Amino acid sequence: MLEITLDFDYGNEEPIYIQLYTFFKKEIQTGKIEPGEKLPSKRKLSHHLGISQTTVETAYEQLLAEGYVESVERKGIYVRELNRDLFLHVDDVPKIIKEINDESEQYKVDFSHGTVALEHFPYPVWRKLTIHGLFEEQSSYFLNGESQGELPLREAIAKYLYQSRGVRCSANQIIVGAGTQYLIGLLTMIIGRDAVYSMEDPGFHRTREAFKDQGVILKPIPLDHDGIDLNHLVESKAKVTYVTPSHQFPNGMVMPITRRMELLQWAEDEGRYIIEDDYDGEFRYKGTPIPSLQGLDNNGKVIYLGTFSKSLIPSIRISYLVLPNSLLEKYNQHYIIYKQTVSRLHQHTLWQFMINGHWERHLNKMRTVYRKKQATLIRSIEKYLGEQVTVIGDEAGLHILLCIDNQLSEKELIERAKAYKVKVYPTSVYYNNNQPEQVPNILLGFGGLTEEQIEQGIRLLKEAWRI
Ligand SMILES: Cc1ncc(COP(=O)(O)O)c(C=O)c1O
């Protein structure tokens, strides 16, 4: 019989059968009990460990249910052959968790651009609406919904887009989906993988990879002061182009109306389309609002891409496409076969959130919150970093760029900031060739930081960069 030495912890809340099951599981996963070995009989083990046979039986049943062991009739219970490489070594788990914690604990201030002001997220309202959704019309919400997304939610989005972003569309043109990258994949299938695609360079790296993974030809198009460079776009012979006109990602310029009109003119040719990613257009701090490209388009050439990741919370994973009618036809002919990727319950909660006025209130509040945070950031930069840095792209959105002319490379700036426990981000990753600018631009997101943290972070950067 196997030598089993095991001290139960009777003071522990964990039942004895779980302790026994966990012991065997660990021994099997780490190879201390090998495949083909027989486990002791229930009677012998219960006697050996001084516990009841039922306790042993329950532990064995769990091991059987999870496939660690098998029962051979009239012979006993044997350890199964397992691919141990698939298991994370049990002893490593605390270490890995610790390493992850250590990584986040390393920083006092993290200027991430992917976070939002969670302290202002209306949890009580969201919780109430979610719970309500669970009770209301229970039966239907647990079945598949519409491929395009729930119609009432699409109607609410269409209304909001018209009022706030000048987007003209009906609910029929909206396709809800779990994130920008998923929607880019779907869109590439609808437009066709044989078209030549292009996008801003620098541009959103996640979109770039999503295009590349679709196997399409993707041309990087440089920027000028106003956004995507039209001469290069024409030369590229691309049919489709992806832009972020409300707040270029990452450089932050807002595309002026003249460039918008020129771009729309470019798109007039047969088969051409513009993908307008309006990811954080809700937050504009300077100048008069410029209508979305979609709102200026009279020829059905703009595909509008929106998201709730910045304006609400990123984890909800609700984004959407607004298709022009020509592409909507293609979608309906074939791609409607793809089921909706966003949970019906989340859609229901968001719909309720929108139609009951919470969304508008939340947006208005967040505009003030982010305006204040951005003002603190700019003020702190002026106060601590002064003339050696230039702020880029502060007209809108939840991030800015800092151009730092003190002979340090992008990598050095990031490493020095890290030594002072401040996390700042590179912009080289947004270039097609991953090369940093000669005078580096560092990306600073501020949405998830308090005003105190923002000021503290910039003060530390002054010391780190010795400015
Ligand atoms: C340029 C850009 N587009 C879209 C998104 C949002 O992506 P998703 O809708 O997948 O959350 C972001 C978020 O960081 C972004 O920076």
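Just so you know, these numbers come straight off a predicted model, no measurement behind them.

Undergrad: Outline helix α17 (residues 451-465), supporting the account with residue identities and numerical values.
TA: The end-to-end C-alpha distance of α17, which contains 15 residues, comes to 21 Å, matching closely the 21 Å that a straight helix rising 1.5 Å per residue would cover. Where α17 is buried, its residues meet β3 (109-110), α15 (358-385), β13 (399-404), α16 (410-419), β14 (422-423) and β16 (441-445). Once α17 finishes, Arg466 follows within two positions and takes phi at roughly 50 degrees, a positive value.

Undergrad: Talk me through the site of the ligand; I want residue IDs and the actual numbers.
TA: Around the ligand sit Gly179, Thr180, Phe204, Tyr242, Phe249, Asp277, Tyr279, Thr307, Ser309, Lys310, Arg317 and Ser319, and those are all the residues in its vicinity. Here an oxygen atom of the ligand sits 2.8 Å away from a polar atom, N or O, in the side chain of Thr307. One of the side-chain N or O atoms of Arg317 is found 2.9 Å from an oxygen atom in the ligand. Contact with the protein chains removes 91% of the 400 Å² of surface that the ligand exposes when unbound. Partitioning the shell around the ligand into residue classes produces four nonpolar, five polar and three charged.

Undergrad: Now, about the UniProt feature "domain: HTH gntR-type" (unreviewed entry) in the chain: what can you tell me, with residues and values included?
TA: Using the residue numbers shown here, the UniProt feature "domain: HTH gntR-type" (unreviewed entry) corresponds to residues 14-82. As a span, residues 14-82 carries 51% helix and 12% strand, and end to end its C-alpha atoms are 27 Å apart.

Undergrad: Can you lay out the nonpolar core for me, pointing to particular residues and giving the numbers?
TA: Formed by 63 residues in total, the largest nonpolar core has its most connected members in Phe111, Phe308, Leu312, Tyr370, Leu444 and Trp465. Considering each element in turn, this core owes the most residues, nine residues, to α15. Residue contributions to this core reach at least three from each of two domains, namely domain 2 (100-120 + 361-465) and domain 3 (139-356). With residues up to four places along the chain from it excluded, the contact list for Leu444 reads Phe111, Leu377, Ile381, Leu398, His399, Ile400, Leu402, Val424 and Ile458. Counting residues in hydrophobic clusters, the runner-up holds 34 residues, among them Ala195, Met199, Leu323 and Tyr425.

Undergrad: I'd love a proper account of the packing of helix α8 (residues 180-191) against helix α9 (residues 205-213), names of residues and values included.
TA: Running from N to C, α8 and α9 point in directions that differ by 35 degrees, and their axes come no closer than 9 Å. The way α8 lies across α9 gives a crossing that is right-handed. Along the contact surface, α8 presents Thr180, Gln181, Ile184 and Thr188, while α9 presents Arg206, Thr207, Ala210 and Phe211. Split into classes, the residues belonging to the contact of α8 with α9 amount to three nonpolar, four polar and one charged.

Undergrad: Let's hear about the side chain of Lys301: which residues, and what values?
TA: Summarising the element assignment, Lys301 is placed in the loop between α12 (293-296) and β10 (302-307). Within the buried set, Lys301 has no salt-bridge partner at all; the shortest N-O distance to an opposite charge, 6.2 Å, is to Glu270. With sequence-adjacent residues up to four places away left out, Lys301 is seen in contact with Ala267, Glu268, Asp269, Glu270, Gly271, Arg272, Tyr273 and Ile274.

Undergrad: Give a detailed account of the environment of Arg466, specifying residues and quantitative values.
TA: If you trace the backbone, Arg466 turns up in the segment after α17. Residue classification places Arg466 among the exposed positions, given a relative accessible area of 63%. A sequence separation of 332 residues divides Arg466 from Leu134, and the C-alpha atoms of the two residues are 56 Å apart. Not counting residues within four places of it along the chain, the set of residues in contact with Arg466 comprises Arg416 and Leu461.

Undergrad: With reference to specific residues and values, describe the packing of aromatic side chains.
TA: Any aromatic ring pair is given by two values, namely how distant the centres are and how the planes are angled relative to each other. Under the counting rule described, the total for this entry stands at 16 aromatic pairs. Here the aromatic rings of Phe249 and Tyr279 are separated by 5.8 Å at their centres, their planes lie at 80 degrees, and the arrangement is edge-to-face. Here Phe249 is found in the loop between β8 (240-243) and α11 (257-266), whereas its partner Tyr279 is found in the loop between β9 (273-277) and α12, with 30 residues between them in sequence. The class for Phe249 is buried, based on a relative accessible area of 3%. Given the relative accessible area of 9%, Tyr279 is considered buried.

Undergrad: Explain a nonpolar patch on the surface to me, using residue names and the numbers behind them.
TA: Taken together, the side chains of Ile131, Leu134, Phe135 and Phe142 make up a nonpolar region of the molecular surface, amounting to roughly 420 Å² of accessible area. Looking at where Phe135 falls in the secondary structure, it is placed in helix α5 (residues 123-135).

Undergrad: Could you give an account of helix α14 (residues 344-355), naming the residues involved and the relevant values?
TA: Given a rise of 1.5 Å per residue, twelve residues ought to cover 16 Å, and the 16 Å separating the end C-alpha atoms of α14 matches this to within 8%. Burial runs high along α14: ten of the twelve residues are buried. Within α14 the residues assigned to the buried category are Arg344, Leu345, Gln347, His348, Thr349, Leu350, Trp351, Gln352, Phe353 and Met354. Backbone geometry just downstream of α14 places Gly357 in the positive-phi region, at approximately 85 degrees.

Undergrad: Could you give an account of the sheet that holds β13, naming the residues involved and the relevant values?
TA: Taking strand neighbours across the sheet as the criterion, the four strands line up as β12-β13-β16-β15 in an open arrangement whose pairing is antiparallel. Looking at strand neighbours, the two that pair on one side only are β12 (389-392) and β15 (425-426), the edges of this open sheet. In the sheet, β15 pairs with β16 via two bridges, with the strands oriented antiparallel. Considered in β16, the bridge of Pro426 is made with Ile442.

Undergrad: Which residues make up unusual backbone geometry, and what are the values?
TA: Glycine aside, negative phi is the norm for most residues, and most peptide bonds take the trans geometry. Pro202 follows Asp201 through a cis peptide bond whose omega is 5 degrees. Within the element layout of this structure, Pro202 appears in the loop between β5 (196-201) and α9. Put simply, Phe249 and Pro250 share a cis peptide bond, and its omega is 5 degrees. In this structure, Pro250 sits in the loop between β8 and α11. The backbone phi angle of Asn434 is positive, close to 60 degrees, even though this residue is not glycine.

The rules behind the values
Residues numbered from 1 in each chain as written. Predicted model: local features only at pLDDT ≥ 70, side-chain atom pairs only at ≥ 80, totals over all residues. Heavy atoms only, no water. Helix = DSSP H or I, 4+ residues; strand = E, 2+ residues; numbered from the N terminus. Expected span 1.5 Å × (residues − 1). Contact = heavy atoms within 4.5 Å. Near = heavy atom within 4 Å. Polar contact = N/O pair within 3.5 Å; in protein donor to acceptor, adjacent residues only side chain to side chain. Areas by Shrake-Rupley, 256 points an atom, 1.4 Å probe, with all protein chains shown as cover. Nonpolar A, V, L, I, M, F, W, Y, C, P; charged D, E, K, R; others polar. UniProt positions renumbered as here; feature names shortened; annotations may be inferred. Core = buried A, V, L, I, M, F, W, Y, C linked by side-chain atoms within 4.5 Å. Buried < 20%, exposed > 50% of the residue type's maximum accessible area, 1.4 Å probe, protein only. Domains from an automatic or database assignment. Axes fitted to C-alpha atoms, helices over the stretch in contact; angles between N-to-C directions. Left-handed = near helix turned anticlockwise from the far one by under 90°. Lys, Arg positive; Asp, Glu negative; His and termini not counted. Salt bridge = Lys/Arg side-chain N within 4 Å of Asp/Glu carboxyl O. Phe/Tyr/Trp six-rings, centres within 6.5 Å; stacked < 30°, edge-to-face > 60°. Patch = residues over 30% accessible without salt bridge, like charges linked within 9 Å, V, L, I, M, F, W, Y side chains within 5 Å. Pairing = 2+ DSSP bridges.

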